[in-house]
Amino acid sequence: MTETAKGTRLTEVGRVAVTVADQDRALDFYVNTLGFEKRADIPFGDGMRWIEVGPAAAPTGIALVLPREGQTAEGTETGLILTSEDIDADHATLRSRGVDTDPEVQRWGAPVPPMFSFRDADGNTLMVVENG
């Protein structure tokens, strides 16, 4: 185990959680609409499931979690930024699949990369930024 300069053993962002109202619907959206791979779908506890998805070969995954007690699954600004190799093609593909995307790719000029946002089946907002 490697200790960091500040004395912790934290090494990476392994996964992020997105709160969803219906895990089956979310799993369908992330796998069949976005093309992510399903990395885990494991039952645990009293009727709960641990579901993880992510782009193939990406080190960080997304956990699709139900809301905690007192929390809702209303759409939120997730802060998640996905990387695209061809932002125009991905924007067009998502729109053709009925995804709620921004109407067009935003282009602010260098050094800001082209980008757009979209909403998942629960209204959670994710951003896509072109790699380049």
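In what follows, the structure referred to is the one given above.
All values derive from a computational prediction rather than experimental measurement.

Account for the environment of glycine 35, with residues named and values stated.
Of note, glycine 35 is situated in the loop between helix H1 (23–33) and strand E2 (37–44). Owing to a relative accessible area of 52%, glycine 35 belongs among the exposed residues under this scheme. With 21 residues separating them along the chain, glycine 35 and alanine 56 place their C-alpha atoms 8.6 Å apart.

Before we move on, could you go through the environment of aspartate 22 and cite the residues and values that matter?
Structurally, the position occupied by aspartate 22 is in the loop between strand E1 (15–19) and H1. With 45 residues separating them along the chain, aspartate 22 and proline 67 place their C-alpha atoms 9.8 Å apart.

Just give me the short version of the nonpolar core, but keep the residues and values in it.
Of all hydrophobic cores here, the largest spans 22 residues; its most connected members are Tyr30, Val53, Ile62, Leu64 and Phe118. Elements with a minimum of two residues in this core: H1, strand E3 (48–54), strand E4 (61–65), strand E5 (77–84), helix H2 (87–96), strand E7 (115–119) and strand E8 (125–130). It is H1 that contributes the most residues to this core, four residues altogether. Residues within four places of valine 53 in sequence aside, it is in contact with Leu27, Tyr30, Val31, Phe36, Glu37, Lys38, Arg39, Gly61, Ile62 and Leu64.

Describe in detail H2, supporting the description with residues and values.
The complete set of buried residues in H2 reads Ile87, His91 and Leu94. All buried residues of H2 project into a common sector of 70° when viewed along the axis, lining one side. On its buried face, H2 is in contact with H1, E5, strand E6 (100–101), E7 and E8.

The rules behind the values
- Residues numbered from 1 in each chain as written.
- Predicted model: local features only at pLDDT ≥ 70, side-chain atom pairs only at ≥ 80, totals over all residues.
- Heavy atoms only, no water.
- Helix = DSSP H or I, 4+ residues; strand = E, 2+ residues; numbered from the N terminus.
- Buried < 20%, exposed > 50% of the residue type's maximum accessible area, 1.4 Å probe, protein only.
- Core = buried A, V, L, I, M, F, W, Y, C linked by side-chain atoms within 4.5 Å.
- Contact = heavy atoms within 4.5 Å.
- Arc of directions from axis to C-beta.

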